[in-house]
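One letter stands for each residue in the lines below.
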Amino acid sequence: MRGLTLKELADKVKTTPQTIQRLETGNMTVSLRWLERIAKALNLEAAQLVSSVRRTEIAIIGKVAADGNVLELSPADQRFMLFALPMGELVAVKVQETVGPYQAGSLVCGNKYRESDVIAAHGQDCMAQIEGGHTLLCRVIAGSPECWTLIPHASDADVLYNRKVAWLARVCMVVRYC
């Protein structure tokens, strides 16, 4: 931001570069408190940090079971969320049972990769849609061309090797209700 390195911004915010990187990559929740701290360090209003984003409707596509499988919602349960985010095509799932780092009741939002950018999913937590329209919340590892290894967060679930995916959506935000 503004040509600053992670360390320079971290020094201004009085935190570590690792924390700034976690906030930037979505591995840590950006709370209002964090927005205010960053804005203050940059002599901005918190609203200015998000003013260039557009309102986006995110489809909630299912509920995540403890094994990481995404269960389809009935038509009556299908919902949309409206957020202001600087993203492309977004999807979300509601975590039904705690799985890995995702707590029950949370909404996990993912940004679908464009076909040309999908290799960037390597090593990331993603929603992955495989054959038959089945979707998983898992870590993905690039394999042979167009195939992926899907690693579930549940310790008792099977790793899926060399699976073709219809799409991958990198986890970009987790909304937890308290």
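Refer to the structure printed above.
Residues numbered from 1 in each chain as written. Predicted model: local features only at pLDDT ≥ 70, side-chain atom pairs only at ≥ 80, totals over all residues. Heavy atoms only, no water.

(A) Spotlight on the environment of Arg37. Topologically, Arg37 is positioned in helix H3 (residues 32–41). Setting aside chain neighbours within four positions, we find Arg37 in contact with Val13, Lys14 and Thr15. (Helix = DSSP H or I, 4+ residues; strand = E, 2+ residues; numbered from the N terminus. Contact = heavy atoms within 4.5 Å.)

(B) Structural detail: a negative patch on the surface. A contiguous patch of negative charge on the surface is contributed by Asp67, Glu97, Asp156 and Asp158. Structurally, the position occupied by Asp156 is in the loop between strand S8 (147–152) and strand S9 (160–175). (Patch = residues over 30% accessible without salt bridge, like charges linked within 9 Å, V, L, I, M, F, W, Y side chains within 5 Å. Areas by Shrake-Rupley, 256 points an atom, 1.4 Å probe, with all protein chains shown as cover. Salt bridge = Lys/Arg side-chain N within 4 Å of Asp/Glu carboxyl O. Lys, Arg positive; Asp, Glu negative; His and termini not counted. Charge placed at Lys NZ, Arg CZ, Asp CG, Glu CD.)

(C) Fine view of the side chain of Asp125. By secondary structure assignment, the location of Asp125 is in strand S6 (residues 125–130). A relative accessible area of 10% means that Asp125 is categorised as buried. Within polar-contact distance, the side chain of Asp125 engages the side chain of Tyr102 at 2.6 Å. Once residues within four sequence positions are removed from consideration, Asp125 is found in contact with Pro101, Tyr102, Cys138, Arg139, His153, Ala169, Arg170 and Val171. (Buried < 20%, exposed > 50% of the residue type's maximum accessible area, 1.4 Å probe, protein only. Polar contact = N/O pair within 3.5 Å; in protein donor to acceptor, adjacent residues only side chain to side chain.)

(D) Summary view of the packing of aromatic side chains. For the structure on display, the rule yields zero aromatic pairs. The cationic tip of Lys112 hangs over the ring face of Trp167; the distance from NZ or CZ to the ring centre is 4.3 Å. (Phe/Tyr/Trp six-rings, centres within 6.5 Å; stacked < 30°, edge-to-face > 60°. Lys NZ or Arg CZ within 6 Å of the ring centre and 35° of its normal.)

(E) Representation of a nonpolar patch on the surface in the model. Side chains of Ile151, Val159 and Tyr161 sit close together on the surface and give an oily, nonpolar patch of about 260 Å² of accessible area. Considering the arrangement of structural elements, one finds Val159 in the loop between S8 and S9. Exposure remark for Val159: the relative accessible area of 31% places this residue in the partly exposed category.

(F) Examining the pairing of S9 more closely. When strand S5 (residues 107–112) meets S9, the two strands line up antiparallel, connected through six bridges. Note that in S9 the partner of Leu107 across the bridge is Val175. In the sheet, S8 pairs with S9 via three bridges, with the strands oriented antiparallel. Its bridge partner being in S9, Cys147 is matched across the sheet by Lys164. (Pairing = 2+ DSSP bridges.)

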